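The lines below spell out each chain.
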Amino acid sequence: MEKYSVLLVDDEEDVIQIIMKKMDWESMGFQIAGYAHNGVEALEMAEELQPDVVMTDIKMPYMDGLTLSRKLKELYRTVKIIIFSGFDEFEYAKEAIQIEVEEYILKPIDAGNLKEVFGRIREKIDREMDEKRNVDKLREYYMESLPILQENFYTSLIDGRIPEDEIERYLDDYQISLTGPYYVVSILHISATDISQNMNTFLLGVSVKKLVEEHMEDEWKSRILMYLGDIVVITQLERQDQINAFTDFMDQLCRLAKHVCEAAVTAGIGYVCNNLPDIRQSWQGARSAVSYRVLYGNTRAINIAEIDPMENADERWEEQEIQKILKKIRMGSREELEEEIGQCIHRFVEDGTTMQKYQIFIMGLITEIFRFCTNNQLDITEFYGEKGEVFERCMQMESPEELEQWLLKIGEKLQETVQQERQASTKSFVSKAMEYVQENYRDRNIWMLLRVS
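Bear in mind the structure is a predicted one, so any value in this text is a computation, not a measurement.

1. So, the pairing of strand S7 (residues 222–227)
Here is step 1 of the chain: Bridge analysis of S7 against strand S8 (residues 230–237) gives six bridges, and the strand direction is antiparallel. Bridging from a neighbouring strand, Leu225 pairs with Val232 of S8.
Here is step 2 of the chain: In textbook terms, the turn of a hairpin is the stretch between consecutive antiparallel strands, and for S7 and S8 this stretch comprises two residues, one of which, Leu228, has a positive phi near 55 degrees.

As structure tokens, then:
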């Protein structure tokens, strides 16, 4: 049987000795931890002994029993207090009830009555201890399960399975701090084709996840988890324009994973959002970005907003700018072409565009030039080279100035070729028209009119 401790308090030594000797404390499940002769002494001893029960008289020097009881309840909410007194006064009893003492006993103390009192107190302490142990066990189990609960919350959030009005409750229950104000979801996909035969796929994923945690949990306030075979990263941004620096960071992280873990990792970066319910849209964008690895290759970061921006005319300006440049090549002067290219590069610099976005723009431009040459029956090798060296050269461009000079050079060359082809086509058309008129119309006046035209 577990023994609970008792502190006796009375200014009369005889009373204390009688109480100590009159009761079989051990059989009742108690033991006397100590005794004091006034409230001040008892308060000091309670701090050291932490008794389960304090049995005190009311009338004592320095600090009476009611004041002692009040202070004990303030300091130790679970302590059980028994007051015994020789004064059968209503005001004392009333105050004792307000303090929430367990029992109020009148002197002289009857042994049988006191045994019943301590029996009731023991039962109460037993119940409280059982409840506390159960709560402690539940809390321990809860804390052990918390990482799993948090991971389940993240996966449910990106899948859109949590009602918007319940998100805050889950954040509180699972002790999760996601304060944003901006969020972006990234997917780190490990290429299965580039894994050596003696490497376990799962262990490689764990290795990459550990590397990501070391570099992202604190620096980028990220939450990292494994989901559907990939590593998912939920990142909080303080400003929306941080996505450019974040994209560059993820690009470096992919190269680091190749060097440290020998894993070919593609980082798909979703759309930036400013509230938690929209994280699902960011997750879907990240999945789409990863799928573009077939075109752009792995061991790099791919930002979906730079490839397939959300429907917003201002966000799709790069595509519009390419068409403007091609229009100036077809119809504009050299000065107009130079001005259009300058405006395009200036906007790139103003937007703080990442190197990846430069490269994507260049690839889109090269693709459109290829289509332009094909549609206009121009010799593609004249601009692309026999082996398409233009792709490699363009990917090595590292400054806006270099890109501007290349665009101007290739644009002027295309413009000159188009004008020559147009002039040749015009002469050919006029010549054939004149031959046709000469053969089919005898009226010289008509022929001369066409000739003059």
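2. Re the nonpolar core
Here is step 1 of the chain: Counting residues in hydrophobic clusters, the biggest one holds 27 residues, and the most contacted among them are Leu188, Val208, Val212, Met216, Phe246, Met250 and Val265.
Here is step 2 of the chain: Elements with a contribution of two residues or more to this core: strand S6 (182–190), helix H8 (201–216), S8, helix H9 (242–260) and strand S9 (265–269).
Here is step 3 of the chain: Beyond its immediate chain neighbours, meaning those up to four positions away, Phe246 contacts Val184, Ser186, Met216, Trp220, Thr235 and Ile269.
Here is step 4 of the chain: In this structure, Tyr154, Leu157, Leu225 and Trp283 belong to the second largest nonpolar core, which totals 24 residues.

3. Here's the deal with the confidence of the model for the protein chain
Here is step 1 of the chain: Summary statistics for the protein chain give a mean pLDDT of 81 and a share of 81% for residues scoring 70 or more.
Here is step 2 of the chain: For the protein chain, helix H19 (residues 444–452) is the element with the lowest average pLDDT, namely 46, and S6 is the one with the highest, namely 95.
Here is step 3 of the chain: This stretch, residues 311–315, has a pLDDT under 50; its non-local contacts, to residues over four places away or in other chains, come to five contacts.
Here is step 4 of the chain: Across residues 441–453, where pLDDT falls below 50, the model places seven contacts with residues more than four positions away in sequence or in other chains.

4. Focus: the pattern of salt bridges
Here is step 1 of the chain: Summed over all chains, the structure comprises 15 salt bridges.
Here is step 2 of the chain: Its salt-bridge partner being Arg334, residue Glu338 comes within 3.0 Å of it at the nearest N-O pair. Separated by four residues within a single helix, Glu338 and Arg334 lie in helix H14 (residues 334–350), roughly one turn from each other.
Here is step 3 of the chain: Linked through salt bridges whose partners overlap, the residues forming this network are Glu166, Arg169 and Asp173.

5. Details of a nonpolar patch on the surface
Here is step 1 of the chain: A contiguous nonpolar patch, built from Met199, Phe202, Leu203 and Val206 and spanning about 390 Å² of accessible area, is present on the exposed surface.
Here is step 2 of the chain: For Leu203, the location among the structural elements is in helix H8.
Here is step 3 of the chain: Accessibility expressed as a relative area gives 53% for Leu203, which makes it exposed.

6. What to know about the environment of Leu114
Here is step 1 of the chain: If you trace the backbone, Leu114 turns up in helix H6 (residues 111–158).
Here is step 2 of the chain: On the basis of relative accessible area, Leu114 is assigned to the buried category, the value being 2%.
Here is step 3 of the chain: Along the backbone, Leu114 and Glu103 are eleven residues apart, and their C-alpha atoms lie at a distance of 9.9 Å.
Here is step 4 of the chain: Excluding its chain neighbours within four sequence positions, the residues that come into contact with Leu114 are Ile19, Met23, Met55, Ile105 and Ile109.

Scoring rules and cut-offs
- Residues numbered from 1 in each chain as written.
- Predicted model: local features only at pLDDT ≥ 70, side-chain atom pairs only at ≥ 80, totals over all residues.
- Heavy atoms only, no water.
- Pairing = 2+ DSSP bridges.
- Helix = DSSP H or I, 4+ residues; strand = E, 2+ residues; numbered from the N terminus.
- Core = buried A, V, L, I, M, F, W, Y, C linked by side-chain atoms within 4.5 Å.
- Buried < 20%, exposed > 50% of the residue type's maximum accessible area, 1.4 Å probe, protein only.
- Contact = heavy atoms within 4.5 Å.
- pLDDT = per-residue confidence, 0-100.
- Salt bridge = Lys/Arg side-chain N within 4 Å of Asp/Glu carboxyl O.
- Patch = residues over 30% accessible without salt bridge, like charges linked within 9 Å, V, L, I, M, F, W, Y side chains within 5 Å.
- Areas by Shrake-Rupley, 256 points an atom, 1.4 Å probe, with all protein chains shown as cover.

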